[in-house]
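Structure at a glance
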Amino acid sequence: MKQVFIKPAEGIYTSPYGMRSGSMHYGVDIANRSSNVPVHASAAGVINKAVGGCSNNGSIGNTCNGGYGNYVIVRHSINGKTYDTLYAHLQSISVSVGQTVNQGDKIGVMGNSGSSTGQHVHFEIYEKARVSQSEAVDPMPYLNGDKPTVSYHTYDGTWATITITQKANVFKNVGYEIIGQLEAGGKYKVYGQREYAADGTLFYNVGSGYVHHAYGTIANHHATVTSTINTYSSPNGAIKRQLAPGTYKVHAAKDGWYNLGAEWVKADQVLVTKN
Ligand SMILES: [Zn+2]
């Protein structure tokens, strides 16, 4: 199925829609450190606004164009309903008002203009003709596309629990290819973590895919050792050393063994506190 709205630029989601340090963030941020990253129309439409004039060296509190910096609004008519999409902090704009665009057409270049601390595009969706920013809705459900059923395997390779704090996309790979969504309040096993290579943004593996760290809170499991025990290089592997009593962070679990970082211990010799 073709998505009605597509992700407007290649890059990583760095900031979700919702409350952010005490104020409302009315869109999602997509960052990419490459040069001249094109920003695309999320759906076919007509350019409603193309507002430039800001320098590409934004900062927090920069008020150029109300903080949006250089921005474009595209107006869409989808199944008889009007939508607006807004693309902010552009470095440059390559369309003009009244111009018709197809989905995926380049409308500008990602930048760092207005109230911005680094190169990204701030993307907003309105389910009507935009009057004020407070009408913007969370773009993520629209960017989700097809929603296959996400199944969580039961292999206990966990080392932590994540509690989802706001509706989160599940990515097939770090930041790419949305394969499902998790609702706020859900608690999931964490099977590992990976960083997005370009900027080090952390993602957690929840079994079927990856969730951006900002969409949940992590509680690590801990193993308490009450008497000196052996550690092993792998489950059922060679003895590595003796481990003194104490509490250790669990990094993984497998077949009756816990990984404490560089070494493994037998599960029946430790007391694991799960959060
Ligand atoms: Zn933003």
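Sequence positions are assigned chain by chain, starting from 1 and proceeding in written order. Per-residue local features of the predicted model are confined to residues with pLDDT of at least 70, and side-chain atom pairs are confined, for both listing and counting, to 80 or more; whole-chain, interface and lining totals are unaffected and use all residues.

What follows concerns the domain arrangement of the protein. On domain assignment, one finds that the protein holds domain 1 (12-143), domain 2 (160-220) and domain 3 (222-273). The start and end points of each domain follow an automatic or database-based domain assignment. A separation of 49 Å is found between the C-alpha centroids of domain 1 and domain 3.

Take unusual backbone geometry next. Phi is positive for Asn65, close to 55°, though the residue is something other than glycine. Numbered from the N terminus, helices here are DSSP runs of H or I no shorter than four residues, and strands are runs of E no shorter than two. Tracing the backbone shows Asn65 in the loop between β6 (45-51) and β7 (70-78). Not every positive phi belongs to a glycine, and Asn236 is a case in point at roughly 65°.

A set of buried residues qualifies as a nonpolar core if it consists of Ala, Val, Leu, Ile, Met, Phe, Trp, Tyr and Cys joined through C-beta atoms within 7 Å. Exposed residues have 12 or fewer other C-beta atoms within 10 Å of their own C-beta, buried residues have 20 or more, and partly exposed residues fall in between, where C-beta atoms are placed from the backbone. If you look at the biggest cluster of nonpolar residues, it comprises 68 residues, and the most contacted ones within it are Val72, Tyr87, Leu90, Val211 and Tyr258. Here this core gets five residues from one element, more than from any other, and that element is strand β8 (residues 81-90). Setting aside residues up to four positions removed in sequence, Tyr87 forms contacts with Pro8, Val39, Tyr71, Val72, Ile107, Gly108, Val121 and Phe123. A pair of residues counts as a contact when their C-beta atoms, built from backbone coordinates, are separated by no more than 7 Å.

Across a sheet, strands are paired by hydrogen bonds formed along the backbone, either parallel or antiparallel in direction. Across the sheet, seven strands lie side by side as β1-β4-β12-β8-β7-β6-β10; this open sheet has antiparallel pairing. Lying at the two open borders of the sheet, with one neighbouring strand each, are β1 (12-15) and β10 (100-101). DSSP bridges decide pairing: two strands pair if at least two such bridges lie between them. Note that β6 and β7 share five bridges and pair antiparallel. In the strand pairing of β7, Lys49 is matched with Ile73.

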